[in-house]
2 protein chains.
Amino acid sequence: MSFEDVRALLFDVFGTCVDWRGTVIREGNALNRAKGLSVDWGAFADEWRGQYAPNMQRVMRGELPWTRLDGLHRMALDELLAKYGVQGLSEAEKDQLNRVWHRLDPWTDTVPGLLKLKHSYLIAPLSNGNLSLLTNMAKHAGLPWDCVLSAELFRAYKPDPRVYLGAVDLLDLQPHQVMMVAAHKHDLHAARAQGLQAAFVPRPFEGNPERVPDLTPDPEFEVVAADFMDLARQLGG
Amino acid sequence: MSFEDVRALLFDVFGTCVDWRGTVIREGNALNRAKGLSVDWGAFADEWRGQYAPNMQRVMRGELPWTRLDGLHRMALDELLAKYGVQGLSEAEKDQLNRVWHRLDPWTDTVPGLLKLKHSYLIAPLSNGNLSLLTNMAKHAGLPWDCVLSAELFRAYKPDPRVYLGAVDLLDLQPHQVMMVAAHKHDLHAARAQGLQAAFVPRPFEGNPERVPDLTPDPEFEVVAADFMDLARQLGG
């Protein structure tokens, strides 16, 4: 197995392609000014993102019916607005805020790197974000996907094997012909367990700056790249 | 209901966006030269395409298990190669020929029209072609889709209502916010029956030139356009 076999690159999105924390802070600060609020949107973003994994796990354990990520984001948002004492937002304003996840900004290397990689590979997201979220984000951020693959298509959330294998099947490829690209090792380990290849692209500025992410290379991964331009150089894309 | 509500345009692909007949003839004639064959590829293309509807109906009646369009194309191809006396193609050559449907060329107005429409609308195919076929075709032809929607995602073939309603659900829209664009009235009637809007774009050069297609306007459709540039003008896209 060599990465010369690779035909398609599947990208984790939140954190790997786009800067969720910076975007939530920027839009939140604009809301502070518009509404006379004084929310600490860095802390708010961290808590909002923090409820993502446990809420997905509730779905996967069957404690919640299938719920797309927009719905999980909204459950968490309603709790956090109460916790942070934010009152007086209309339903339309809450919906607009919830859809900040559709409007996340890319890292500076994301679009130029994807454009280079697209010359040689089929490129698609493989994210727990729902299909409309990922499609709206691609329009907003100019992400030049060849198609949009979402965990929603398989009614399961990563790291469930059905998501990785379902994507490989829709692409009509073999697992070793597909490489998962992510800033998060657990996503890559889950992909490799299903026979996909893995590229680790650490994103040191993804999370709360006071938390040090695990950026150490892992010899298990086929590629470790500094950013998407470096990934394109290493893959010859 | 007005087409001012429309947020997303879903496109039929074979015949509406791409010229299946012209492309099969061109690639087939190249195969004639390479292999010393004398196949009439216009007739071959018409018969190949002609087996599409009855084979899909066999799937939808449960006489065949779920089979993606690549598989239905291959069943028909094997029959037609025998009927036309084409012998001596390797498995790789047959597979390559079967994938001509992944390499169909667009009509001249298709890409410029889609680029204009993409400024104002979410644009996606909604085709009976499988997802990998549609994605490979988009790369080949430069079709600038925002996402790729295929009947394969719903394990049903148009005109089954699940295909239209499944696409609307994945886009998180209401049916009247979605407009189906097609050169075929039966597709548009099926979409309208589920509450979608409809744009008829006749493609007089789609089929066998000896067969006159039904190009008469139908007052039931919200839009009738001469081509995709005209569609963009009418929709203000």
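Residues numbered from 1 in each chain as written. Chains lettered and ligands numbered in written order. Predicted model: local features only at pLDDT ≥ 70, side-chain atom pairs only at ≥ 80, totals over all residues.

### So, the overall build of chain A
- Tallying secondary structure elements over chain A gives ten helices and eight strands in all.
- Expected size for 237 residues packed as a compact globule is a radius of gyration near 18 Å; at 18 Å, chain A falls within 12% of this value.
- Taken along its principal axes, the extent of the C-alpha atoms in chain A is 55 × 35 × 30 Å.
- Burial analysis of chain A (237 residues in total) assigns 43% to the buried set.
- Long-range pairs, those at least 24 residues apart, make up 64% of the contacts in chain A between residues at least 6 apart in sequence. (Helix = DSSP H or I, 4+ residues; strand = E, 2+ residues; numbered from the N terminus. Rg over C-alpha atoms; globule rule 2.2 N^0.38 Å. Buried ≥ 20, exposed ≤ 12 C-beta atoms within 10 Å, placed from the backbone. Contact = placed C-beta atoms within 7 Å.)

### Some remarks on the sheet that holds strand E1 (residues 8–11) of chain B
All names here are of chain B.
- Across the sheet, six strands lie side by side as E3-E2-E1-E4-E5-E6; this open sheet has parallel pairing. Two strands close off the open sheet at either side, each with one partner strand: strand E3 (149–150) and strand E6 (223–224).
- Sheet topology places strand E5 (residues 197–200) next to E6; two bridges connect them, and they run parallel. Each residue of the ladder has a partner; that of Ala199, found in E6, is Val223. (Pairing = 2+ DSSP bridges.)

### Quick look at the confidence of the model for chain A
- Per-residue confidence for chain A averages 95 on the pLDDT scale, and 98% of its residues sit at or above 70.
- The complex model carries a pTM of 0.96, and its ipTM stands at 0.95. (pLDDT = per-residue confidence, 0-100.)

### A short note on the relation of the copies chain A and chain B
- After a rotation of 180° and a shift along the axis of 0.0 Å, chain A superposes on chain B with an RMSD of 0.0 Å. On the angle and the small slide along the axis, the relation comes out as a two-fold axis. Using C-alpha coordinates, one finds that chain A approaches the rotation axis most closely at Cys147 of chain A, a distance of 2.6 Å.
- A shared interface surface links the copies, since 100% of the contact residues of chain A are contact residues in chain B too. (Least-squares fit on C-alpha atoms with pLDDT ≥ 70 in both.)

### Details of the environment of Asp169 of chain B
Residues and elements named next belong to chain B.
- Position of Asp169 relative to the elements: it lies in helix H8 (residues 161–170).
- By C-beta crowding, Asp169 is classed as partly exposed, having 16 other C-beta atoms within 10 Å.
- Asp169 sits 21 residues away from Val148 along the chain, and the two C-alpha atoms are 14 Å apart.

### Let's talk about the interface of chain A and chain B
- Contacts between the two partners involve 13 residues from chain A, matched on the other side by 13 residues from chain B.
- Take the side of chain A that touches chain B: its biggest share by element is five residues, from helix H7 (residues 131–141) of chain A.
- For the side of chain A that touches chain B, the class distribution of residues is eight nonpolar, two polar and three charged. (Nonpolar A, V, L, I, M, F, W, Y, C, P; charged D, E, K, R; others polar.)

### Details of unusual backbone geometry
- With an omega of 10°, the peptide bond between Lys158 of chain A and Pro159 of chain A qualifies as cis.
- Residue position: Pro159 of chain A is located in the loop between strand E5 (149–150) and helix H8 (161–170).
- One non-glycine residue, Arg155 of chain A, adopts positive backbone phi at about 50°.
- Take Arg155 of chain A: it is sitting in the loop between E5 and H8.
- A tally of 13 C-beta atoms within 10 Å means that Arg155 of chain A is categorised as partly exposed.
- A positive phi angle is found at Asp172 of chain B, which is not glycine, with a value near 60°.
- Topologically, Asp172 of chain B is positioned in the loop between H8 and strand E4 (178–182).

### Quick look at the environment of Glu152 of chain B
Residues and elements named next belong to chain B.
- With respect to the secondary-structure elements, Glu152 resides in the loop between E3 and H8.
- For Glu152, a count of 24 C-beta atoms within 10 Å gives the class buried.
- Taking the C-alpha atoms as reference points, Glu152 and Val24, 128 residues apart in sequence, are found 23 Å from one another.
- Contacts of Glu152, omitting those with residues within four sequence positions, involve Arg68, Asn130 and Leu131.

### Some details on helix H9 (residues 185–193) of chain B
Residue and element names in this part refer to chain B.
- Buried within H9 are the following residues: Asp187, Leu188, Ala190 and Ala191. End-on view of H9: buried residues confined to an arc of 160°, all on one side of the axis. Exposed residues pointing more than 90 degrees away from the buried face of H9 are listed as His186 and Ala193.
- Of the residues trailing H9, Gly195 is marked for its positive phi of about 95°. (Arc of directions from axis to C-beta.)

### Overview of the packing of helix H4 (residues 69–83) of chain A against helix H5 (residues 91–98) of chain A
All names here are of chain A.
- Viewed as axis vectors pointing N to C, H4 and H5 meet at an angle of 120°, and their least axial separation amounts to 10 Å. As summarised for this structure, H4 and H5 are arranged oblique, according to the angle between their axes. Our pair here, H4 against H5, has a crossing hand that is right-handed. Packed against H4, whose contacting residues are Asp70, His73, Arg74 and Leu77, the element H5 presents Lys94, Leu97 and Asn98 at the interface.
- Its residues placed into classes, the contact of H4 with H5 shows two nonpolar, two polar and three charged. (Axes fitted to C-alpha atoms, helices over the stretch in contact; angles between N-to-C directions. Parallel < 35°, antiparallel > 145°, perpendicular 65-115°, else oblique. Left-handed = near helix turned anticlockwise from the far one by under 90°.)

### Here we look at the domain arrangement of chain A
Residues and elements named next belong to chain A.
- Domain annotation for chain A reports domain 1 (3–19 + 104–235) and domain 2 (20–102).
- Inter-centroid distance (C-alpha atoms) of domain 1 to domain 2 is 24 Å.
- Of the residues lining the interface, 21 residues belong to domain 1; the matching set on domain 2 comes to 15 residues.
- Looking at the side of domain 1 that touches domain 2, the elements with two or more residues in it are strand E2 (18–19) and H7.
- Top element by residues in the side of domain 1 that touches domain 2 is H7. It accounts for four residues.
- Of the residues contributing to the side of domain 1 that touches domain 2, the split by class is seven nonpolar, eight polar and six charged. (Domains from an automatic or database assignment.)

### Topic: the pairing of strand E6 (residues 178–182) of chain A
Residues and elements named next belong to chain A.
- With five of five residues buried, E6 lies mostly within the body of the structure.
- Side chains Val178, Met180 and Ala182 project from E6 onto one buried face, and the interleaved Met179 and Val181 project onto a second face that is buried too.
- As judged from the four bridges shared by strand E1 (residues 8–11) and E6, these two strands associate in the parallel manner. Each residue of the ladder has a partner; that of Ala8, found in E6, is Val178.
- Sheet topology places E6 next to strand E7 (residues 197–200); four bridges connect them, and they run parallel. Paired with Ala182 across the strands is Phe200, a residue of E7.
- Handedness of the crossover joining E6 and E7 through helix H9 (residues 185–193): right-handed. (Right-handed = clockwise from strand over helix to strand, strands pointing away.)

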